[in-house]
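Next come the chains, spelled out residue by residue.
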Amino acid sequence: MDITRSSPAPVRVVAVPPEPEPEPADLTALPEPIAVEPLQTLPATTTTATTATTSAITPAATTTTTEVRGRRSRPRPRDLLALLRPGQWVKNLAVVPLALLDTHPWGAAAFLRTGWAVLGFTLASALVYVVNDLADRERDRLHPVKRHRPIASGRVSTLAAVVLTGALALALTGWAVAGPAWQWWPTALYLALSLAYSQGLKHVPLVDAFIVATGFVLRLVQGALLIGAQMSEWLALCVFSLCLMLALGKRRHEMTAAGRAHRPALRGYTLAFLDHLVVLVAVLTAVSYVLYLRDDASLAAGASLVTLLSAPCAVFGLARYLQLLLVEEGGGNPVHVLFRDRATLVNAALWAVLVALALLLPQSPA
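Treat the numbers as computed from the prediction; the structure is a model and nothing was measured. (Residues numbered from 1 in each chain as written. Predicted model: local features only at pLDDT ≥ 70, side-chain atom pairs only at ≥ 80, totals over all residues. Heavy atoms only, no water.)

## Remarks on the overall build of the protein
Secondary structure assignment for the protein yields 16 helices and 0 strands. A burial count over the protein gives 39% of its 366 residues as buried. The long-range share in the protein, meaning contacts at least 24 apart out of those at least 6 apart in sequence, stands at 75%. Working note: accessible area of the protein is about 21,300 Å², and carbon and sulfur atoms make up 69% of it. (Helix = DSSP H or I, 4+ residues; strand = E, 2+ residues; numbered from the N terminus. Buried < 20%, exposed > 50% of the residue type's maximum accessible area, 1.4 Å probe, protein only. Contact = heavy atoms within 4.5 Å. Areas by Shrake-Rupley, 256 points an atom, 1.4 Å probe, with all protein chains shown as cover.)

## Observations regarding the nonpolar core
In this structure, L220, V239, L244, M245, L248 and Y269 are the most contacted members of the largest nonpolar core, which totals 45 residues. At the level of secondary structure, the elements contributing two or more residues to this core comprise α11 (207-227), α12 (233-258), α13 (271-295), α14 (304-327) and α16 (342-360). Counting residues per element, this core draws most heavily on α12, which supplies 12 residues. Here Y269 is in contact with P205, L206, D208, A209, L248, R251, M255, R260 and L274, once residues within four sequence places are set aside. (Core = buried A, V, L, I, M, F, W, Y, C linked by side-chain atoms within 4.5 Å.)

## Focus on helix α9 (residues 158-178)
Helix length check: α9, at 21 residues, gives a terminal C-alpha distance of 30 Å against a target of 30 Å (1.5 Å per residue), a fit within 8%. Buried within α9 we find A160, A161, L164, T165, L168, L172, W175 and A176. Along α9, the residues classed as buried sweep out an arc of 145° about the axis, all on the same side. Summarising the geometry of α9, the exposed residues directed more than 90 degrees from the buried face are L159, V163, L170, V177 and A178. As for α9, its buried residues are in contact with α4 (77-83), α6 (108-135), α8 (150-153), α10 (185-199) and α11. (Expected span 1.5 Å × (residues − 1). Arc of directions from axis to C-beta.)

## Considering the packing of aromatic side chains
The final tally for this structure, using the stated rule, is 6 aromatic pairs. Ring centres 6.5 Å apart and planes at 50° place the aromatic pair Y289 and W351 in the tilted group. Here W351 lies in helix α16 and Y289 lies in helix α13, a separation of 62 residues in the sequence. Overall, the relative accessible area of 29% leaves W351 in the partly exposed class. Positioned above the aromatic ring of F216, the side-chain terminus of R219 is 4.5 Å from the ring centre. (Phe/Tyr/Trp six-rings, centres within 6.5 Å; stacked < 30°, edge-to-face > 60°. Lys NZ or Arg CZ within 6 Å of the ring centre and 35° of its normal.)

## What about the packing of α10 against α11?
Following both chains from N to C, one finds α10 and α11 inclined at 165°, their axes separated by 8 Å at the closest point. Taken together, the axes of α10 and α11 are roughly antiparallel relative to one another. For the element pair α10 and α11, the recorded crossing hand is left-handed. Between α10, through W185, P186, T187, L189, Y190, L193 and Y197, and α11, the contact on the second element is made entirely by D208, I211, V212, T214, G215, L218, R219, V221, Q222 and L225. Partitioned by chemical class, the residues of the contact of α10 with α11 number 11 nonpolar, 4 polar and 2 charged. (Axes fitted to C-alpha atoms, helices over the stretch in contact; angles between N-to-C directions. Parallel < 35°, antiparallel > 145°, perpendicular 65-115°, else oblique. Left-handed = near helix turned anticlockwise from the far one by under 90°. Nonpolar A, V, L, I, M, F, W, Y, C, P; charged D, E, K, R; others polar.)

## Considerations on α10
Taking 1.5 Å per residue, 15 residues should reach 21 Å; α10 reaches 21 Å between its end C-alpha atoms and fits that length. Among all positions of α10, only P186, T187, Y190, S194, Y197 and S198 are buried. Down the axis of α10, the buried set is contained in an arc of 110°. They therefore lie on one face.

## Description of the confidence of the model for the protein
On average, residues of the protein score 78 in pLDDT, and 74% of them reach the 70 mark or higher. Predicted confidence is poor over residues 24-72, with pLDDT under 50, and the contacts of this stretch with residues over four places away or in other chains come to 12 contacts. (pLDDT = per-residue confidence, 0-100.)

## Comments concerning the side chain of E254
Positionally, E254 belongs in helix α12. Overall, the relative accessible area of 3% leaves E254 in the buried class. Among the polar contacts made by the side chain of E254, one reaches the side chain of K146 at a distance of 3.2 Å. (Polar contact = N/O pair within 3.5 Å; in protein donor to acceptor, adjacent residues only side chain to side chain.)

Here it is, written out as structure tokens:
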């Protein structure tokens, strides 16, 4: 038996040359694919994106930032003029010259004194508007329309509004000193009532609307006082009830448009209650107007027909306002409603022509 054949052949070890070890990784090459420069600007970009996201999520913060920027910047003249509400000055032109109805014949002196009264109440009302906007700036931001007012929106800073208030007060003082002595008391009483209104009476239901209407009667008294005319009680009642109707109508519109959150006094009203009040005051306005024409108006001889024709015009004007308020849900700004409605403008023009004829015709001998 061949032992050598049955034994396994010896393993032949062949020396294999070792593979070359891989070179150590170049650590300096790792940062190359990573954008080093973008990483340096990443905090600023992230901050900007975060700020934009936060502003989009919290609009209140954006509003606050806008208000702060508005306070830091100088207010534009148009914003200061809007703060004085020149669109509301027509109230003085419509009420103060009513004192001329009891003056006959008319003269240049009467018109000049009427203009002086209009100027005084324009300054006083502008002062009141600024003070009210300062006091109501937080509540106005909750209103869908009033939030665009200059102070509430931040276009006019509080400091600028205070400076404007001081300038108006100085101008009004100069008006009182330059005018006839002690004949400025209706304007002073108007300012006192308006100050009490701003400080808290505007939050008392009914009292708020009655104070607004009383301010228009004081306008009429100021005009009659400077002209030297004897004011008719029926005319004063007619002006008071008409302006009370407009004030109540404005509150009704505010309830339907923005609820009660922005004006605490609205919690003392309901729509049904305001509807009854508006109609009641409208009837009082029509009756007092007719009684004024019959008893106190300085009418020409034979002007009874003209007077009779002017009464339906007055009633139509009241009915048209009630229609705009109750049917078309208007009345938020009585001045805009009454002076932009075609039917009201045509009716007012016809009424003015009839009243002018009744006043300008020769008077009957005493």
